[in-house]
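# Per-entry structural report
Chain residues, written in single-letter form:
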Protein chains: 2
Amino acid sequence: MLNFTVGPVMSYDDVLAVAGEQVPYFRTQEFSETILENEAFMKEFVNAPDNAKVVFITGSGTASMEAVIMNVFTAKDKLLVIDGGSFGHRFTQLCDIHHIPYTAIKPECGHTVTTDMLNEYQNKGYTGLLVNIHETSTGVLYDAQMLGDFCKSQGMLYIVDAISSFLADPLDMQKVGADVIFTGSQKVLACAPGISIIVLGERALSRVWENETKTMYLDLKDALRNAERGQTPFTPAVGILRQINVRLRQIKRNGGANTEIERISIQAKDFRNKIRELPFEIVSESLSNAVTPLHPTTASAYDIFLQLKDDYGIWICPNGGDMKDSIFRVGHFGAQTTADNDTLVMAFKDLQSKGII
Amino acid sequence: MLNFTVGPVMSYDDVLAVAGEQVPYFRTQEFSETILENEAFMKEFVNAPDNAKVVFITGSGTASMEAVIMNVFTAKDKLLVIDGGSFGHRFTQLCDIHHIPYTAIKPECGHTVTTDMLNEYQNKGYTGLLVNIHETSTGVLYDAQMLGDFCKSQGMLYIVDAISSFLADPLDMQKVGADVIFTGSQKVLACAPGISIIVLGERALSRVWENETKTMYLDLKDALRNAERGQTPFTPAVGILRQINVRLRQIKRNGGANTEIERISIQAKDFRNKIRELPFEIVSESLSNAVTPLHPTTASAYDIFLQLKDDYGIWICPNGGDMKDSIFRVGHFGAQTTADNDTLVMAFKDLQSKGII
């Protein structure tokens, strides 16, 4: 199957090779070195400050969203949440569950957040901002620098969920002033799903150490203590952490973060050029390199997903809920090439010639 | 490396084959069928009642311990916790974090819980019992039937953490009257770590539906709603769930749960027979088939672990904390044979001939 979803995506051969090996025992110096190397690469690729720390959570991206909310914030905070799609909305639900006061900023579907929208919340006592910098559900990339500048001017903590944006779009932790950045194993890292990775800067770390522990599994204090020696409190997804190591080394060997971002950008532009004649509308005014969200004007988005899966051996990414029939997404990361874009576009054209789209 | 730890352990070839494949997109009917088949096998192998439900958590066994504590119990409960080692103690820590009243029963290290010890707690308003039925840290297997009979007589919920005991020792959910049983992917299932599996009976399910949601990632209501259609709320460790499917089918093909339990029992007995002349003392009065916990009388347990790892290509399982130098463990599950036991015993004898043990 050709996989154009937003994760899991196609892995590179050397990642698959390590995935097929026996998983080693992990309470060893050898495995600690793997973890510490992963930490160093993660810090390099987001340009984290030297004193930043990295933890590896065995869980989905949502586990990291919840870990950050529970460990960094308390009921004494007052947060701004960019609620522009299902992942932004998830942040509001997490704040509800953990009784953390917040205000949701709701850009219209497909639209970004403007300085004017933000400025309404100036000098009103907000202590932090939560954003999925690429709202994966609708394919909107927010302006990380503008949001960071706002947070800086207000003395707010700045939490950047970069799950599907890390290594797809430029993101410099020091330049934008992010306090926390996190991602997942199955996005641009193109490994199996099961690990999410959190990079914490100094201010966020202080919060973690000050706050009361409210969970064992998602406790970042315990994770940080273990991370000092390249370990985790509980048995992690050892195999996936080894895949991540192979992949981070590959990215470094190929030229580092910017080379990978450029590769995905070329992949995205190529696809967007090739679909100009098709009956699809791009539904985001601010695209990430990671994903193209499309509204098919002549057919159900979900029917197109099913047809491509069953008759062409291709997965595109369906949307859920209200957007199921109106929007599908095409991801541009993982082990895909512009020739794969040709195959997908030919399948679309074939559906068109059959009168299906 | 020959792997005699308690997880991750050596996987069978057909599990490794699927581990080395591309991970598929998962919001599909095809993947739902895999999950639903996994659920059916899990219910069959613990003899769960028809109305039991199974959820698959992307996380370590501790994620499931915490999920059960948070979803099934509240501050209105009063629990008995068997605190006979580091995993039993973890249950007490979870109760502390989530403000659930409990009394810890602390058998001496290496000893089991007797009826007399339990009877002290009769008719004192306890509402549930938490036990790691095989306390993996010390290798003590508790009597699941005796504990279940006590819970039944007291109308208590009976929670069985069978992480390292599932398919190593007989465990019949209906016969012992367990309300919850859970395990992990890297134990007898011999897959990569990253998934834990919870089987919930009717009484536990009622508790989950009644109780307030206190977490998103470990929320069992949401997991159960998604499980109805063979899905999970968040992107799961899809690759590991596929490995589990291959392995559960293999176990079924080989004759089912009892055949696997018998195989591991033979593996354990063979090892225990072969070490009789070695300077090791078995430190548990109630052994599981899963693990043999040993106290080396002539050398540091941790030094033996390091020697075997570095000079013989063999992992045994070190203990942590206070027991680091006094106890190591040898696991009997995963893709190992009695010939592998010979290799390990020959390595021990070689260390003996060198005067190291």
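Cut-offs and rules
- Residues numbered from 1 in each chain as written.
- Chains lettered and ligands numbered in written order.
- Predicted model: local features only at pLDDT ≥ 70, side-chain atom pairs only at ≥ 80, totals over all residues.
- Heavy atoms only, no water.
- Helix = DSSP H or I, 4+ residues; strand = E, 2+ residues; numbered from the N terminus.
- Rg over C-alpha atoms; globule rule 2.2 N^0.38 Å.
- Buried < 20%, exposed > 50% of the residue type's maximum accessible area, 1.4 Å probe, protein only.
- Core = buried A, V, L, I, M, F, W, Y, C linked by side-chain atoms within 4.5 Å.
- Contact = heavy atoms within 4.5 Å.
- Buried area = accessible area lost by both parts, 1.4 Å probe.
- Salt bridge = Lys/Arg side-chain N within 4 Å of Asp/Glu carboxyl O.
- Polar contact = N/O pair within 3.5 Å; in protein donor to acceptor, adjacent residues only side chain to side chain.
- Pairing = 2+ DSSP bridges.
- Axes fitted to C-alpha atoms, helices over the stretch in contact; angles between N-to-C directions.
- Right-handed = clockwise from strand over helix to strand, strands pointing away.
- Disulfide = S-S within 2.5 Å.
- Phe/Tyr/Trp six-rings, centres within 6.5 Å; stacked < 30°, edge-to-face > 60°.
- Lys NZ or Arg CZ within 6 Å of the ring centre and 35° of its normal.
- pLDDT = per-residue confidence, 0-100.
- Least-squares fit on C-alpha atoms with pLDDT ≥ 70 in both.
- Expected span 1.5 Å × (residues − 1).
- Arc of directions from axis to C-beta.

Below, the discussion takes up the overall build of chain A. Counting secondary structure elements, chain A contains 13 helices and 15 strands. Here the C-alpha radius of gyration of chain A, 20 Å, is about what a compact globule of 357 residues would show, namely 21 Å. Dimensions along the principal axes, computed over C-alpha positions, put chain A at roughly 60 × 55 × 35 Å. For chain A, the proportion of its 357 residues judged to be buried stands at 65%.

This next bit is on unusual backbone geometry. A:P8 follows A:G7 through a cis peptide bond whose omega is -5°. For B:N123, which is not glycine, the phi torsion reads 55° and is therefore positive. Tracing the chain through its elements places B:N123 in the loop between α5 (115–119) and β5 (128–132). Relative accessible area serves as the criterion here: at 66%, B:N123 is assigned to the exposed category. Positive phi outside glycine occurs at B:L167, with the angle close to 70°. Within the secondary structure, B:L167 sits in the loop between β8 (157–161) and α7 (173–176). Given the relative accessible area of 2%, B:L167 is considered buried.

Below, the discussion takes up the nonpolar core. The biggest cluster of nonpolar side chains holds 178 residues, and the ones touching the most others in it are A:L129, A:Y158, A:F348, B:L129, B:Y158 and B:F348. Beyond its immediate stretch of four places on either side in the chain, A:F348 contacts A:F271, A:L278, A:F280, A:I304, A:L308, A:F328 and A:I357. Counting residues in hydrophobic clusters, the runner-up holds 69 residues, among them A:V72, B:I69, B:V81 and B:V180.

Taken together, the contact pairs 53 residues of chain B with 53 residues of chain A. Summed over both sides, the interface of chain B with chain A buries roughly 3900 Å², with 65% coming from carbon and sulfur. For the pair chain B and chain A, the number of links is two salt bridges. Here B:E30 and A:K309 are joined by a salt bridge, their closest N and O atoms 2.9 Å apart. Seen at the junction of chain B and chain A, the total is 12 residue pairs in polar contact (both at pLDDT 80 or more). Elements represented by at least two residues in the side of chain B that touches chain A include exactly α1 (13–19), α3 (61–72), α4 (86–97), α10 (238–253), α12 (301–312) and β14 (317–318) of chain B.

Residues and elements named next belong to chain A. Read from one edge to the other, the open sheet built from four strands follows the order β11-β12-β15-β14, with strand pairing classed as antiparallel. Edge positions in the sheet fall to β11 (280–282) and β14 (317–318), since each of these pairs with one other strand and no more. The pairing of β14 with strand β15 (residues 328–331) spans two bridges and is classified as antiparallel. Counterpart to C317 in the pairing with β15 is R329. Each of β11, β12 (291–296) and β15 is contacted by helix α11 (residues 257–274), which is oriented at about 20° to β12, the strand it contacts most.

Side chains of strand β3 (residues 79–82) of chain A alternate between two faces, with A:L79 and A:V81 and A:L80 and A:I82 buried alike. Regarding the hand of the β-α-β motif, the stretch spanning β3(A), helix α4 (residues 86–97) of chain A and strand β4 (residues 102–105) of chain A is right-handed.

The full count for this structure, using the stated rule, is zero disulfides over all chains. A:C95 takes part in no disulfide bond, and the closest cysteine sulfur to it belongs to A:C151, at a distance of 14 Å. In this model B:C317 remains outside any disulfide bridge; the closest cysteine sulfur is found in B:C109, 15 Å from its own. What makes B:C317 buried here is its relative accessible area of 2%.

Throughout the structure, instances matching the rule amount to 20 aromatic pairs over all chains. Seen from their ring centres, B:Y217 and B:F234 are 5.7 Å apart, and the 20° between their planes marks the pair as stacked. Within this pair, whereas B:Y217 is found in the loop between α8 (202–210) and α9 (220–227), its partner B:F234 is found in the loop between α9 and α10, the two being separated by 17 residues in sequence. Like B:F234, B:Y217 is buried. Directly above the ring of A:Y302 sits A:K324, whose terminal nitrogen or CZ lies 4.3 Å from the centroid.

For chain A, mean pLDDT is 98; residues scoring 70 or higher make up 100% of the total. Two numbers describe this predicted complex: its pTM, 0.98, and its ipTM, 0.98.

With that out of the way, let us pick up the relation of the copies chain B and chain A. Least-squares fitting of chain B to chain A yields an RMSD of 0.0 Å, with the transformation described by 0.0 Å of translation along the axis and a rotation of 180°. On this basis, the relationship between the two copies can be described by a two-fold rotation axis. The C-alpha atom lying nearest the rotation axis in chain B is that of B:G20; the distance is 1.9 Å. The overlap is high: 100% of the interface residues of chain B also sit at the interface in chain A, so the same surface is used on both sides.

Further remarks concern helix α3 (residues 61–72) of chain A. All names here are of chain A. An ideal rise of 1.5 Å per residue puts 16 Å on 12 residues; α3 measures up with 16 Å between its terminal C-alpha atoms. Within α3, 12 of the 12 residues are buried, leaving the element largely enclosed by the surrounding structure. Residues of α3 that are buried: G61, T62, A63, S64, M65, E66, A67, V68, I69, M70, N71 and V72.

For the rest of this paragraph, the subject is the sheet that holds β14(B). Residues and elements named next belong to chain B. Sheet architecture is open: four strands sit in the order β11-β12-β15-β14, paired in antiparallel fashion. Sheet topology places β11 (280–282) and β14 at the edges, where each strand pairs with a single neighbour. Summarising the sheet, β11 and strand β12 (residues 291–296) pair through three bridges and their orientation is antiparallel. Residue pairing across strands places E281 opposite H295, the latter belonging to β12. With respect to the sheet, helix α11 (residues 257–274) is in contact with β11, β12 and β15 (328–331), its orientation differing from that of β12 by roughly 20°.

All names here are of chain A. An ideal rise of 1.5 Å per residue puts 16 Å on 12 residues; helix α12 (residues 301–312) measures up with 16 Å between its terminal C-alpha atoms. Turning to α12, its buried residues are A301, I304, F305, L308 and K309. Each buried residue of α12 sits inside an arc of 130° when the element is viewed along its axis, so together they form one side. Directly after α12, the chain includes G313, whose backbone phi takes a positive value near 65°.

It is worth spelling out the pattern of salt bridges at this point. All names here are of chain B. Applying the stated rule across the entire model yields 30 salt bridges over all chains. D77 serves as the salt-bridge partner of R207, at 2.9 Å between the closest nitrogen and oxygen. Placement of the pair is R207 in helix α8 and D77 in the loop between α3 and β3 (79–82), with a sequence separation of 130 residues. Grouping residues by exposure puts R207 and D77 together as buried.

Here we come to the pairing of strand β9 (residues 180–184) of chain B. All names here are of chain B. Across the five residues of β9, five count as buried, placing the element largely inside the fold. The two faces of β9 match: V180, F182 and G184 on one face and I181 and T183 on the other face are all buried. Pairing analysis gives three bridges linking β8 to β9, with the strands arranged parallel. If you follow D161 over to β9, its bridge partner there is F182. Note that β9 and strand β10 (residues 195–200) share five bridges and pair antiparallel. Each residue of the ladder has a partner; that of F182, found in β10, is I198.

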